[in-house]
Amino acid sequence: MGNNQSGNGIGKTGPRIREYAAQAAALICVAVALCCFVAQKEGYHMDELLSFELSNAEFNPWIVPTQPVGRLAKYVQEEIRGASFGETLSNLADTVQDVLANRGASRLLQYRADVYPEPVWISGEQFQEYLTVGKDDAFSYLSVYFNVKDDNHPPLHFMLLHTMSSFFRNTIAPFQGCSINILAILGCCMCFFALGALLERHGILPRGYGKTAGICASLLYGLSGGGIATALLIRMYGVMTFFCVAYFYLHVKKWLEKGFERKNKLLIAVTALGFWTQYFFLFFCLTLALVTAGLLAGRRRYRELKIYIRSMFLAAVIGVAAFPFAIQDVLASGRGTEALRNLGRGFSGYGARLAAFGTLLSERCFGSVPAGILILLCLAAGLLLVRRKRRGLEAAPAGVSGAAPGGAETAQTGGPKSGGDFAEASADRGSKAFWLMLLAPCGCYFLLTARMAPYLVDRYIMPLFAFAAMILAFFGARLFAALKPYGKYFLLASALLLGAVNVTTYDGEYLYQGYGRQLEVADQYQNLPCICLYDGVGYYDNLSEFTRYTETLLLTLPELENRQDKAGLEREDGIIVLKKPEVEEESALAALEQHGLKVEKVLFSEEESVHGDTIYLCVFS
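One structure accompanies this document, and this report is about it. (Residues numbered from 1 in each chain as written. Predicted model: local features only at pLDDT ≥ 70, side-chain atom pairs only at ≥ 80, totals over all residues. Heavy atoms only, no water.)

### Re the environment of cysteine 378
In step 1: Following the sequence through the fold, cysteine 378 ends up in helix α19 (residues 369-395).
In step 2: On the basis of relative accessible area, cysteine 378 is assigned to the partly exposed category, the value being 48%.
In step 3: Separated by 208 residues in sequence, cysteine 378 and asparagine 170 place their C-alpha atoms 52 Å apart. (Helix = DSSP H or I, 4+ residues; strand = E, 2+ residues; numbered from the N terminus. Buried < 20%, exposed > 50% of the residue type's maximum accessible area, 1.4 Å probe, protein only.)

This is the structure in structure tokens:
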């Protein structure tokens, strides 16, 4: 009997494995493709290095050339951190008691950082500490929270990056941040699988097409230029995309299953987590919430509406209570006020911004604008043909009239409909609600982002790449369902073909290939100091480079020209000078000669550098 039970278990396991084999294969395909791109990434955008710095520089949110160690960072190092864990706890308790007892006169609030009149040399070890986690500051989430409160973003992504850095200490590498993005993309794919099955179960997708549509959506997204860019950019947009997709899935599921009046904890959690990831999440979140509330009111599901509003209010309270600095970020920070100013400009320049973001969306989803237009036109034409054919079939029996046996009238004469008719009408209503819930938030997100985003770059519309794949796959399922019995295979083949084209034609954005050669120069001259001539905050592009040199001096051109402290400039073995492209070369060389530094060799030209840098080997004469 025991053997029979064992046999039955094995018999059930086989079909279960086969049932999910295609979905597992799609996840593996996406993961392998994205990992191959991550393996090619050599450098970073300055914002990516800022992510590492905000995540890992303990209580030191900014790198300031005249103040290498922040006030709180210095206090933690000198007054709190002890030789043992017990001593550290004791020092922390003493600090808390001092603050509670003396308030503004406490030692913590009276503490001052070392601020110098001119930029000072910063060692390679200090730059390493800015970007990585050591044994003393691993899993220091309070530090991350403190750092991010002075930034324009909420803390969740930085805490995730800090967690990865805590597992791989004293290391900065693309996989630390990109792995977070890849997991987020795979999470989106799993939401596509669940959503496809849900829509098929409720008659919104053709029977037998839910699983295929979910797989196609995952391939269209994970293998698109947008999915690749999302995986490569070490910022919070991949995680935000996942929370947008999860938030949408939960809304659709609860709408179709009338579940808003119970078990909303997961929905509340996803809403709060999305808010803690990126404030642009609010564009999608609030629009979908308004659409959902309108649908619930329209269908007179008032009890669900009441509980739904209460759940969303609770999510907002939790989100703001956990990170109250969000209010200032949105309303009063530099980025927040800039976004509000952009919104206040109305339609001024709006057409150009819409065109720019539309181009980015088409290129990232379809490879190019013409390809995107062609695919959408073909899809629209196909759907029109299918709808016309369906209407023709529905009109075919229209000539049959009269009373049914037993005196019951047919549906044509306005009599009662069959159970199948009611099910079809219910599915049609559910389908209209679903498409409204999908298209309205995506459209509003695009319109608001195009107006309010500070830069015309793809990162701000990265969530739309996932929803574009979803829309294409689900519309495609309705179209290819007419091609029985091979429609599913045509749909899957089309998704694979488009994915293969996007992978092979990816433009290399966020790979920064060639920066590895610049790091090799730094390794070759690692025993020398470096002077970085920059404008603005351009030196953030090169933070990983500065960990290689013995020490680095960050200077603007006027600071070099007027520098009084000559210490460190008179090096017999030479100095590396890294000039950012914003600094005019002739003026830079003249300022170096003013301090006795002459160029002996150009080690790296502006044309060779992915950041437009020029690297010189200078000698003192």
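Moving on, there is more to tell.
### Brief notes about the sheet that holds strand β4 (residues 575-579)
In step 1: One open sheet accounts for 6 strands, arranged β1-β3-β2-β4-β6-β5; its pairing is mixed. Each of the sheet's edge strands pairs with one partner strand only, and the pair in question is β1 (122-123) and β5 (597-604).
In step 2: Direction of pairing for β1 relative to strand β3 (residues 551-556): antiparallel, over a ladder of 2 bridges. Paired with isoleucine 122 across the bridge in β3 is threonine 552.
In step 3: Packing of helix α26 (residues 585-594) onto the sheet brings it into contact with β2 (530-534), β4, β5 and β6 (614-620), and relative to β5 it is tilted by some 135°. (Pairing = 2+ DSSP bridges. Contact = heavy atoms within 4.5 Å. Axes fitted to C-alpha atoms, helices over the stretch in contact; angles between N-to-C directions.)

### Observations concerning the side chain of histidine 611
In step 1: Mapped onto the secondary structure, histidine 611 falls in the loop between β5 and β6.
In step 2: Histidine 611 sits in the buried class, given a relative accessible area of 13%.
In step 3: Beyond its immediate stretch of four places on either side in the chain, histidine 611 contacts Tyr44, Tyr512, Tyr515, Asp541, Lys580 and Pro581.

### Concerning the pattern of salt bridges
Any two side chains of opposite charge can pair, given that their charged atoms come close.
In step 1: As enumerated under the stated definition, the model contains 17 salt bridges in all.
In step 2: Salt bridges sharing partners connect three or more residues here, namely Arg201, Lys253 and Glu257. (Salt bridge = Lys/Arg side-chain N within 4 Å of Asp/Glu carboxyl O.)

### Looking at the nonpolar core
In step 1: In terms of nonpolar packing, the biggest core is built from 153 residues, with Leu195, Tyr247, Phe248, Phe434, Phe474 and Phe546 touching the most fellow members.
In step 2: Not counting residues up to four positions away in its chain, the partners in contact with phenylalanine 474 are Leu195, Gly196, Leu199, Leu205, Ala213, Gly214, Phe434 and Trp435.
In step 3: Listed in part, the 17 residues of the second largest apolar core include Leu553, Ile575, Ala591 and Cys618. (Core = buried A, V, L, I, M, F, W, Y, C linked by side-chain atoms within 4.5 Å.)

### With respect to helix α12 (residues 237-256)
In step 1: Taking 1.5 Å per residue, 20 residues should reach 28 Å; α12 reaches 29 Å between its end C-alpha atoms and fits that length.
In step 2: Burial within α12 is extensive, with 18 of its 20 residues counted as buried.
In step 3: A positive backbone phi angle near 50° is found at lysine 258, which sits one or two residues after α12. (Expected span 1.5 Å × (residues − 1).)

### Examining empty space enclosed by the protein
In step 1: Here the structure, examined in full by the defined rule, presents 1 cavity of 30 Å³ or more.
In step 2: Of the volumes computed, that of the largest cavity is approximately 70 Å³.
In step 3: Contributing to the lining of the largest cavity are Leu220, Tyr221, Ser224, Cys365, Phe366, Phe465, Ala468, Ala469, Leu472, Leu498 and Asn502.
In step 4: Of all the elements in the fold, those that place two or more residues in the lining of the largest cavity are α10 (210-222), α18 (350-366), α21 (462-480) and α22 (487-504). (1 Å grid on protein atoms, 1.4 Å probe; cavity = no way out; pocket = protein on both sides within 12 Å on 5 of 7 lines; lining within 4 Å. Points joined across faces, edges and corners; volume = space filled by probe spheres on them.)

### So, the packing of α12 against helix α14 (residues 281-298)
In step 1: Contact pair α12 / α14: the axes reach a minimum separation of 10 Å and the direction vectors enclose 5°. Relative to α14, α12 is oriented roughly parallel. Together, Met240, Phe243, Cys244, Tyr247, Phe248, His251 and Trp255 of α12 and Phe281, Phe284, Cys285, Leu288, Ala289, Thr292, Leu295 and Leu296 of α14 make up the contact between the two elements.
In step 2: Within the contact of α12 with α14, the residues separate by chemical class into 13 nonpolar, 2 polar and no charged. (Parallel < 35°, antiparallel > 145°, perpendicular 65-115°, else oblique. Nonpolar A, V, L, I, M, F, W, Y, C, P; charged D, E, K, R; others polar.)

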